Amino acid sequence: MMNFFAYSVLFAFGFVSLPSSSVALSSSAAASQDPLKLILGSPNFGSWKGALSTDSLAPGPSADPSDYLLLAAHRTKRPDILRAFKPYRGGWNITNNHYWASVGFTGAPGFILAAVWILSFGSLLVVYHCFRWRVCEKAKGSSYNSRRICLILLIVFTSAAAVGCILLSVGQNKFHTEALNTLKFVVNQSDYTVGILHNVTQYLSLAKTINVTSISVSSDVLGEIEKLNVDLNATAATIEEKTTDNAAKIKRVFHAVRSALITVATVMLILSFLGLLLSVLRHQHAIHIFIVSGWILVAVTFVLCGVFLILNNAITDTCVAMKEWVDHPHAETALSSILPCVNEQTTNETLAKSKVVINSIVTVVNTFVYAYANTNPSPGQNSYYNQSGPPMPPLCSPFDSNMEDRECNSWELSIANASSVWESYVCEVTEPGGPCTTVGRVTPEVYKQLVAAVDQSYALEHYTPPLLSFRDCNFVRDTFESITSEYCPPLERDLRVVNAGLGMVSVGVLLCLVLWVFYANRPQREEVFADLPRPHQMKDHRSNGLENGHSGDETKQRYAEVV
C-alpha cells in the first residue's frame, strides 16, 4: 500500500530528481561505477581540475543541524500508529516509515466506519432473520402514514445515492485528467533534460571534428570530450529509461483507480434503483440478495473513502513540502537526499569543460587567422595561397584563462557575428583547394571550416549553461513551482469531489438498505383481508361493536389502509 502512495504522490518529482542527482554528486569512489555520478564527479576532472575557480561554486545545503527545515511540519503533526499513537513531528519525509504511518492514520475514519457498518448491519440482519415474526407483526400493525413516509425517505435516499454516483463519476474523471496532465508535464520536463544532454553531447562530438587547414583541437581535450560524452549519453539514456518505466507504472495505477471508481459508481447506481423497485414491488427474496450485496459494497465504499483520504493528505503534504522547498531551496530538508543541490565539494565540471572546449576551438580559429590568413608568405611556402587585402579580425574568446567571462576587445569578433563579418574576406578560386584569384584572406573551403568551428562554439556556449540549472536546482525549483501553483490545486479539489461522492454513495445506500429491510416486508393486501372478520361473524362483531363502540371503525380503517 505504501508503494502505491509513493507512486501516486511522488510522480511530480520522481523524474526530475534524476537529472538533479546526476549532475550534483560528490566525488566518491563509488561514482566511478555509476554513469549517473560520472557526469560531474572527480573521475572526469583530469587535466582540467584547475579550470574553474572556487568563487564560481553555487551555495550548497547548510551543514548546520540547526538549519534543518521540516517540510510541511504544521500539516504532518498526526498520531503515529507505529509509536503507540504518539504525535509524529518529523515533517514530510517519504523515506520515513513513521511519516507514512501518520498519513495512514488519516484514513482511519473510513476504515472504522467500514468495520462498524459490517458488524452493526450484520447484527441487524441476524436479529431480523432470527426474530422475523416479531418484525412482521409490528409491520402489520404499522400505519399507512408510516409506510408512506418510509417510501418517501427511500426515494430521497436513492436520489442521494444517485447524486453521489454522479459526483463520483465527475470527480474521478477530472482527477484522472489532472493527474495525467501533471504526469505529462513532468515527462515533458524530463524530455527537455534529455534533449539538453543530447544537444551537449552532439555538439561536443562535432567539436572533435573541427579542423581548419590541419589545425585541430589538442589530443588531451579530445580525450576529455570523449569521456564526457560517454557519461552524458549514459545519463541521458538512464533518465529516458526511468522516465518511460515510471510513467508506465504510474499510468497503470491511475487507470486501476479510475476503473475501481467507475465500477463502484455504476454498481451502486444500479443497486440503489433496482433495490427501490424490488422493495416497492415486495420481491422479498430478491431484495434480500440486494441487501447482502449492498451491505458488502457499502463497506468497500467506506474503505475507498479512507484510501482517498490518505491519498488526499499525502498529495497535499507533498504540495506543501514542494512549496516550502521552493522558498528555501538550499536549506537542509528531507528532499536534500533525493534532490541534492550543488554543495561546496561539487564543481561545475561540465560547464568548465565546455568552456575549455570553446576556448580550444577559438584557439584553433585564431591560430589559422594569425599564422595563415593574416600573413603574406612568398609563393612556395606552406602557408601561401595568394592571400591579400586588409587583415582578417580574430575571434573573441568569451572566457579568460580562469574560465571567467571576459569582454571582447574592439578588434575581436564575437562568436555571434563572426561568420557574417568574415564573409567579406573570402576570395575567389578557380578550382577547389586552389589559391585565391582575387583579393581575400580565406578561400571558400577554409571559410566553411571556420563557420563550422564558430557554429560549434556558439552551440556549446548556449546549450551547456542550462546544465547549471540542473545542478543548482533552479530547474527543479521551477518545476516544483509550476506543479504547486498550476497542478496541485486542481488535484486537491478533484480529490475532495471524489471523497464527497463516495460519502454520499455510502450514506445513501446505507440508509436505503435499512429501509429496504422493512419496506419490502410490509403486509400485503391478502394478509390484511385474512385478518378481516367473516360474514357469519359480522353479527358478533356488530354486537361487540355496540358494546365497545369502535371495533367497526377499526375494521373500516384497516380496509381503507389496504385499499
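> I'm lost on a nonpolar patch on the surface in this one. Help?
Residues Ile270, Leu274, Leu277, Val280 and Leu281 make up a contiguous nonpolar surface patch of about 410 Å² in total accessible area. Relative to the helices and strands, Ile270 is located in helix H7 (residues 219-280). In this structure Ile270 comes out as partly exposed when scored by relative accessible area, which is 48%.

> Any chance you could explain the environment of Glu461 here in plain terms?
For Glu461, the location among the structural elements is in helix H11 (residues 444-463). The exposure class of Glu461 is partly exposed, given its relative accessible area of 27%. For the pair formed by Glu461 and Lys355, sequence separation is 106 residues and the distance between their alpha carbons is 7.5 Å. In this view, Glu461 contacts Ile358, Pro398 and Ile415; residues no more than four positions away in its chain are not counted.

> Got a minute to help me understand the confidence of the model for the chain in this structure?
Atomic detail in the predicted coordinates should be set aside for any region of low pLDDT. Residues with a pLDDT of 70 or more make up 74% of the chain, whose mean pLDDT is 75. Across the chain, the secondary-structure element scoring lowest on mean pLDDT is helix H2 (residues 17-22), at 39, and the one scoring highest is helix H10 (residues 418-422), at 92. Counted against residues more than four places away or in other chains, residues 1-65, with its pLDDT under 50, gives 156 contacts. Low pLDDT, under 50, characterises residues 554-563; the stretch is placed with 13 contacts to residues that sit more than four places away or in other chains.

> Which parts of the structure should I look at to understand unusual backbone geometry?
Among all residues except glycine, the phi angle is most often negative; among peptide bonds, the trans geometry is most common. Positive phi, normally seen in glycine, also occurs at Ala84, with a value near 55°. Turning to its location among the elements, Ala84 is positioned in the loop between strand E1 (79-80) and strand E2 (86-87). Despite not being glycine, Asn386 shows a phi value in the positive range, around 65°. Mapping Asn386 onto the fold places it in the loop between helix H9 (349-373) and H10.

> Mind showing me how you'd approach the state of the cysteines here?
Joining two cysteines, a disulfide is a covalent bond between their sulfur atoms. The tally for this structure, following the rule as stated, stands at three disulfides. Covalent S-S linkage joins Cys319 and Cys488, the inter-sulfur distance amounting to 1.9 Å. Its torsion about the S-S bond being -90°, the disulfide of Cys319 and Cys488 is classed as left-handed. On the criterion of sequence distance, the pair formed by Cys319 in helix H8 (residues 284-327) and Cys488 in helix H13 (residues 474-519) is long-range, its members being 169 residues apart. As far as the burial class goes, Cys319 and Cys488 line up, both buried. Here Cys427 engages in a disulfide with Cys436; their sulfurs sit 1.9 Å apart. Residues Cys427 and Cys436 are joined through a disulfide that is left-handed, its torsion about the S-S bond being -60°.

> What is the right way to look at the packing of aromatic side chains in this model?
Two aromatic rings, taken as a pair, are described by how far apart their centres are and by the angle between their planes. Across all of its chains, the model carries eight aromatic pairs by this definition. Relative to Phe121, the ring of Trp117 lies with its centre 4.6 Å away and its plane at 20°, an arrangement referred to as stacked. Here Phe121 and Trp117 lie together in helix H4 (residues 108-130), a separation of four residues that amounts to about one turn. No difference in accessibility class separates Trp117 from Phe121, as the two residues are buried. Every member of this aromatic cluster is reached through a ring pair, and the members are Tyr88, Tyr99 and Trp100.

> I'm lost on the environment of Gly104 in this one. Help?
Looking at the element boundaries, Gly104 is found in helix H3 (residues 97-105). Between the C-alpha atoms of Gly104 and Ala314, which are 210 residues apart in sequence, the distance is 9.0 Å. Contacts of Gly104, omitting those with residues within four sequence positions, involve Phe111 and Ile310.

So, how was this worked out
- Residues numbered from 1 in each chain as written.
- Predicted model: local features only at pLDDT ≥ 70, side-chain atom pairs only at ≥ 80, totals over all residues.
- Heavy atoms only, no water.
- Patch = residues over 30% accessible without salt bridge, like charges linked within 9 Å, V, L, I, M, F, W, Y side chains within 5 Å.
- Areas by Shrake-Rupley, 256 points an atom, 1.4 Å probe, with all protein chains shown as cover.
- Salt bridge = Lys/Arg side-chain N within 4 Å of Asp/Glu carboxyl O.
- Helix = DSSP H or I, 4+ residues; strand = E, 2+ residues; numbered from the N terminus.
- Buried < 20%, exposed > 50% of the residue type's maximum accessible area, 1.4 Å probe, protein only.
- Contact = heavy atoms within 4.5 Å.
- pLDDT = per-residue confidence, 0-100.
- Disulfide = S-S within 2.5 Å.
- Phe/Tyr/Trp six-rings, centres within 6.5 Å; stacked < 30°, edge-to-face > 60°.

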